[in-house]
Amino acid sequence: MLLTAWLCLPSLFAQSSGYLAAGEPAKVAGARNAAVQAKIPVTVKVGYHVNSNTPSDEYLIPLKLTWISTGALEAGAVTYPKPTLEKYEFAEKPLSVFTGNFELVANFKVAANAPTGPGAAVGKLRYQACSNKACYQPKTIEITVPYQVQ
């Protein structure tokens with residue numbers, strides 16, 4: 001049983017880059033002109049954090065989700081969780097960060113002229129991961145939100 005769970009573990013995450021993994025969002029569905037939301041589960045590896053979407057210093061790279069292609073959806077605002085302020089050895093003041101498990105909420109509107117059927121919105125999640133001693137180069141992972149226009 002444990003072996004089965006271990007073998008399935010990689011399929012739980014759509015994209016991972018070592019410090020951060022984004023789970024596959026559930027398919028969203030809606031009629032033309034409807035507002036839909038995609039919840040994107042994110043996990044930061046234990047012992048690390050990522051800068052929030054509103055980092056404490058301007059030189060820090062924020063967590064940011066942008067859309068490359070949205071298909072029949074019109075992209076709206078992304079809702080980020082409330083960050084925590086944490087003090088680390090390498091910074092003089094507390095940093096605005098995310099740790100552990102959290103969700104991003106991507107808001108969309110189904111286009112008025114959207115054809116019925118399936119599709120996918122594709123985006124990029126950019127972040128800067130840090131340990132309690134140092135920050136690392138920014139990375140980007142792909143996020144895919146499947147949808148169904150009814």
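Structure report, in brief. Quick caveat, the model's predicted, so the values are computed rather than measured.

A few points about the pattern of salt bridges
Note that side chains of opposite charge can pair when their charged atoms are close.
Okay, so step 1: Applying the stated criterion to the full structure yields three salt bridges.
Okay, so step 2: When the shortest N-O distance is used, the salt bridge between glutamate 89 and lysine 133 registers 3.7 Å. Pair noted here: glutamate 89 is in the loop between β8 (84–86) and β9 (95–98) and lysine 133 is in the loop between β12 (129–130) and β13 (139–149), with a separation of 44 residues, a long-range link. You'll find glutamate 89 and lysine 133 in the same group, each marked exposed.

Here's the deal with the sheet that holds β12
Okay, so step 1: The four strands lie next to each other as β8-β9-β5-β12, forming an open sheet whose pairing is antiparallel. Strands with a single pairing partner mark the edges of an open sheet, and in this sheet they are β8 and β12.
Okay, so step 2: Direction of pairing for strand β5 (residues 49–51) relative to β9: antiparallel, over a ladder of two bridges. Bridge pairing links valine 50 to phenylalanine 98 in β9.

Some remarks on the sheet that holds strand β3 (residues 28–30)
Okay, so step 1: Reading across the sheet, the four strands line up as β3-β13-β11-β6 and stay open at both edges, with mixed pairing between neighbours. Single-partner strands in this sheet number two, and they are β3 and β6 (64–69). Each strand of the sheet is rotated relative to its neighbour by a mean of 35 degrees, with strand direction disregarded.
Okay, so step 2: Looking at chain direction, strand β11 (residues 117–127) and β13 are connected through 11 bridges and run antiparallel. The residue bridging lysine 124 from the neighbouring strand is glutamate 142, located in β13.

Things to note about the environment of glycine 119
Okay, so step 1: You can see glycine 119 is positioned in strand β11.
Okay, so step 2: Its relative accessible area of 24% is what places glycine 119 among the partly exposed residues.
Okay, so step 3: Aside from chain neighbours lying at most four places away, what touches glycine 119 is Val145, Pro146 and Tyr147.

What to know about the state of the cysteines
Okay, so step 1: Here the structure, examined in full by the defined rule, presents one disulfide.
Okay, so step 2: With its sulfur 2.0 Å from that of its partner, cysteine 130 forms a disulfide with cysteine 135. On the sign convention where negative means left-handed, the S-S torsion of about 95 degrees between cysteine 130 and cysteine 135 marks this disulfide as right-handed.
Okay, so step 3: Relative accessible area serves as the criterion here: at 0%, cysteine 130 is assigned to the buried category.
Okay, so step 4: Accessibility expressed as a relative area gives 28% for cysteine 135, which makes it partly exposed.

Quick notes on the rules
Residues numbered from 1 in each chain as written. Predicted model: local features only at pLDDT ≥ 70, side-chain atom pairs only at ≥ 80, totals over all residues. Heavy atoms only, no water. Salt bridge = Lys/Arg side-chain N within 4 Å of Asp/Glu carboxyl O. Helix = DSSP H or I, 4+ residues; strand = E, 2+ residues; numbered from the N terminus. Buried < 20%, exposed > 50% of the residue type's maximum accessible area, 1.4 Å probe, protein only. Pairing = 2+ DSSP bridges. Axes fitted to C-alpha atoms, helices over the stretch in contact; angles between N-to-C directions. Contact = heavy atoms within 4.5 Å. Disulfide = S-S within 2.5 Å.

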